[in-house]
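As a plain string of letters, each chain reads:
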Amino acid sequence: MKFGCMSLDFKRFPLEHCFRLAGAYGMDGLEIFCARKHIHLPSFTAKDAGVIRGYKKRYGVEVPMLTPNTLGQDLNICSADPAERKEVLALLKQGVDAAEMIEAPRLLITADHPGYFRDDREVWDLLVESVGELAAYAEKKNVRIVMEPVTPMESPVVTTARDCLRLFQDVNSPALYAMLDVVPPMVVHEPFSQYFELLGERMDYIHICNTDGVTDAHLRLEQGVLPVADAINTFLHHGYQGYVTAELYTECFRDPELMLSNTVRALGRIRTELGV
């Protein structure tokens, strides 16, 4: 099992600062949030990729995943507007290209809120069409497309492990995977074990934080209703050995280094207890 942090939590700081702190605090990886300060996909070049590969080598930090800035941005892969779908697919393909260039194995996607008064079948069909096109593109680049379920407050389209399984069945691409963010299953009262039992080896990534169990808040590890040590022990029980990346955007924007230190201390105690 490897542990990482997210550049989203450091969105007010330069990308190199994120790498420097991730390395200094002993994180294995840095998940990069694709916003202008870190990776601006429409203008990303081979020169930019070379700089990031240099950061990886200099600070000894991997990039396990790129996360495009699409949630709540009018960039919806199941939009009723063909122009919007075309725009977001172009952006996500640029994300696949960027991942390939910096040797990151994954690109995160979400199904944003489709809007009210929509037909559920139409929304799902457009999701399948868009994800299928993106996954076919990613297959050629050896990049995994990782669907992240979100809370029902954010979007009702993909919120559970079973939604991910249905998407696997309908898209049928070896490039398509899923991940577990610990907040949505806590909100919808879904056991973490369902992700591992239903999705098997295609359960490919984890976002860890704590939660109030009611909202989409991503809280520091020691504040909330989730017993984090037991969650990580559950992941281990199901044979998970991949990335567990801290996502603490509710806490971090004022002083993300303080929260990174808090996260590393909490994880250190948990890892010692569990022998990870």
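To be clear, the structure that these remarks concern was listed above.
Residues numbered from 1 in each chain as written. Predicted model: local features only at pLDDT ≥ 70, side-chain atom pairs only at ≥ 80, totals over all residues. Heavy atoms only, no water.

Draft legend 1. Geometry of the packing of aromatic side chains. Counted according to the given criterion, the structure contains six aromatic pairs. Taking 6.3 Å as the distance between ring centres and 70° as the angle between the ring planes, the aromatic pair formed by F10 and F13 counts as edge-to-face. Relative accessible area serves as the criterion here: at 27%, F13 is assigned to the partly exposed category. Here the aromatic residues F192, F196, F235 and Y240 are joined through ring pairs into a cluster of three or more. One cation-aromatic arrangement involves R144 over Y177; the distance from NZ or CZ to the ring centre is 4.3 Å. (Phe/Tyr/Trp six-rings, centres within 6.5 Å; stacked < 30°, edge-to-face > 60°. Buried < 20%, exposed > 50% of the residue type's maximum accessible area, 1.4 Å probe, protein only. Lys NZ or Arg CZ within 6 Å of the ring centre and 35° of its normal.)

Draft legend 2. Up close: the side chain of K56. Here K56 shows up in helix α2 (residues 46-59). One buried charged residue, K56, remains without a salt bridge, the closest side chain of opposite sign being E103 at 4.2 Å. The residues contacting K56, other than those within four sequence positions of it, are F19, V61, V63, I102 and E103. (Helix = DSSP H or I, 4+ residues; strand = E, 2+ residues; numbered from the N terminus. Lys, Arg positive; Asp, Glu negative; His and termini not counted. Salt bridge = Lys/Arg side-chain N within 4 Å of Asp/Glu carboxyl O. Contact = heavy atoms within 4.5 Å.)

Draft legend 3. Inspection of the pattern of salt bridges at higher detail. Taken as a whole and assessed by the stated rule, the structure comprises 12 salt bridges. Of the charged contacts, one joins D125 and R121 as a salt bridge, the two residues approaching to 2.7 Å between their closest N and O atoms. Placement of the pair is D125 and R121 together in helix α4 (residues 120-141), with a separation of four residues, close to one helical turn. Relative accessible area serves as the criterion here: at 38%, D125 is assigned to the partly exposed category. Taking the relative accessible area as the measure of exposure, R121 reaches 44% and is therefore partly exposed. Among the salt bridges present, the one from R269 reaches E222, with a minimum N-O distance of 2.1 Å. Residue R269 is located in helix α10 (residues 256-274), and its partner E222 is located in the loop between β7 (203-208) and α8 (228-237); the two are separated by 47 residues in the primary sequence. By relative accessible area, which is 46% here, R269 ends up partly exposed. Relative accessible area serves as the criterion here: at 41%, E222 is assigned to the partly exposed category. Sharing partners across several salt bridges, the network here consists of D97, E100 and K141.

Draft legend 4. Quick peek at the pairing of strand β5 (residues 144-147). Where strand β4 (residues 106-109) lies against β5, four bridges are found, and the strand directions are parallel. Looking at the pairing, I109 lines up with M147 of β5. As for the winding sense of the linkage, the β-α-β connection from β4 through α4 to β5 is right-handed. Pairing geometry for β5 and strand β6 (residues 176-181), over three bridges, is parallel. Opposite M147, over in β6, you have A178 as the bridge partner. Handedness of the β-α-β unit built from β5, helix α5 (residues 161-171) and β6 comes out right-handed. (Pairing = 2+ DSSP bridges. Right-handed = clockwise from strand over helix to strand, strands pointing away.)

Draft legend 5. Structural detail: the pairing of strand β2 (residues 29-34). Counting buried residues in β2 gives six out of six residues, a clear majority hidden from the surface. Of the strand pairs in this sheet, strand β1 (residues 2-6) and β2 are connected by three bridges, and their pairing is parallel. Of the residues in β2, the one forming a bridge with M6 is E31. At this point the chain moves from β1, through helix α1 (residues 15-24), to the parallel β2, and the crossover so formed is right-handed. As defined by bridge partners, β2 adjoins strand β3 (residues 66-68) across three bridges and the pair is classed as parallel. Residue pairing in the sheet places I32 in a bridge with L66 of β3.

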